[in-house]
Structure formats: structure tokens, C-alpha cells
Amino acid sequence: MPSFVVQKHAARRLHYDFRLEVGGVLKSWAVTRGPSLIAGEKRLAIEVEDHALSYGSFEGVIPAGSYGAGAVLLWDRGTWEPDGDPVANLAAGSLRFRLHGAKLIGGWRLARMPPRGRQVSWLLIKAADAAARPRGAPDILEERPLSVVSGRPIEALSADAP
């Protein structure tokens, strides 16, 4: 099965980079408020450039002056299964899939929004399934903030910066 990764990224603004392996690259979206396990909750996901598969294992600090400068933490990773052809469904603007991660599991959907400006905006939406949480449940981002690889918080990575 193809891989997925969610990297918590303390760049100019804290956000989460959601990445799905499709066609030999990591298709990528910047999710400003991070993913939610609340069924039906919509999170804005800005499409960004594809990344090499090797970037999916990166945890560390991007140096000041470089694109994306700041700490990058591996918040979650695992495998995913698309519902249908992921390339065709992404082109059509609606991708349904299942995640098998340490923190994110179950059904999800990426839905492209109507064009506005230069950015391509999507919504990342958790399906109503056994893995979903009800409204008012604890936020997974606050409940489990540490790296799935190192067990460290993002502040510890930032402190390592030269």
C-alpha cells in the first residue's frame, strides 16, 4: 500500500503538511489547523508542490533563509488506500480514502473548492466511521502532539536549530 505522512511544520506559521504517495511522489497539502478526527469537520488544505518520497521520512530543522525554514516533526505516518483511481479522482476534485496511521485512521475525503486566486484549496474531511470522534471530543493535535518517530515535541526540534 502507498504511504502517507503528516508533518507538523513550524515555519512562518505553524501548520501540518499532509502528504499522500501517488504516482511515485508525495502529493502535498498544507493544512493550516491540522487534521481533525471529528466526523464531518472541514479543514482547509492548500495544495502545494509535490515532494520526493524520501522527504516523507524527514524530521529536523530546515535552515533559516531556505524555503520552508523551521522545525519539521513527523506527527503521523502509515499507509493509505484510495477508493478508486487516485490520479483520476484528484483530477476530478474529490478523493475518498482510508488512512492506517499511528494517529489518523479510517475514512477521509479531500474535496477541491472552487478556484479563488492562485492557490488551489481543498477541504480535508473526516468520514463518519468507527474511528471518528463526536463534536466536543478532545483534539487529537493537542492530545498527541509528539513525533511518531522520536517522541519529541516540536519545541525540542526548534531548540536544536543552529
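Residues numbered from 1 in each chain as written. Predicted model: local features only at pLDDT ≥ 70, side-chain atom pairs only at ≥ 80, totals over all residues. Heavy atoms only, no water.

As recorded by an unreviewed UniProt entry, the protein carries the name DNA ligase D 3'-phosphoesterase domain-containing protein and is attributed to Methylobacterium variabile.

Time to look at the pattern of salt bridges. For the structure shown, the criterion picks out eight salt bridges. In this structure, Glu41 engages Arg43 in a salt bridge whose closest nitrogen and oxygen atoms are separated by 2.5 Å. Taking the shortest distance from any N to any O, the salt bridge between Arg135 and Glu41 comes out at 3.4 Å. With Arg135 in the loop between strand E9 (121-126) and helix H2 (140-143) and Glu41 in the loop between strand E3 (25-31) and strand E4 (42-52), the pair connects residues that are 94 residues apart, well separated along the chain. The class for Glu41 is buried, based on a relative accessible area of 16%. (Salt bridge = Lys/Arg side-chain N within 4 Å of Asp/Glu carboxyl O. Helix = DSSP H or I, 4+ residues; strand = E, 2+ residues; numbered from the N terminus. Buried < 20%, exposed > 50% of the residue type's maximum accessible area, 1.4 Å probe, protein only.)

Before going further, it helps to examine the pairing of strand E2 (residues 14-22). Of all nine residues in E2, seven are buried; the element is thus mostly enclosed. Across seven bridges, strand E1 (residues 3-10) lies against E2 in antiparallel orientation. Bridge pairing in E2 links His9 to His15. Here E2 pairs with E3 via seven bridges, running antiparallel. Directly across from Phe18, in E3, lies its bridge partner Trp29. (Pairing = 2+ DSSP bridges.)

Below, the discussion takes up the packing of aromatic side chains. Counted according to the given criterion, the structure contains six aromatic pairs. Ring geometry for Phe18 versus Phe97: centroids 6.1 Å apart, planes at 35 degrees, classification tilted. Residue Phe18 is located in strand E2, and its partner Phe97 is located in strand E7 (residues 94-101); the two are separated by 79 residues in the primary sequence. For the pair Trp29 and Trp122, a centre-to-centre distance of 6.0 Å together with 80 degrees between the ring planes defines the contact as edge-to-face. (Phe/Tyr/Trp six-rings, centres within 6.5 Å; stacked < 30°, edge-to-face > 60°.)

Phe18, Leu20, Phe97, Leu99 and Leu110 are the most contacted members of the largest nonpolar core, which totals 27 residues. When near neighbours in sequence (up to four residues on either side) are disregarded, Leu99 contacts Phe4, Phe18, Leu20, Thr79, Trp80, Leu104, Ile105, Gly106 and Trp108. (Core = buried A, V, L, I, M, F, W, Y, C linked by side-chain atoms within 4.5 Å. Contact = heavy atoms within 4.5 Å.)

Glancing now at the pairing of E7. Note: strand E6 (residues 70-82) against E7, five bridges, orientation antiparallel. Bridge pairing in E7 places Glu81 opposite Arg98. Taken together, the seven bridges between E7 and strand E8 (residues 105-112) define a ladder with antiparallel strand orientation. Residue pairing in the sheet places His100 in a bridge with Ile105 of E8. Counting the residues in the hairpin turn of E7 and E8 gives three residues.

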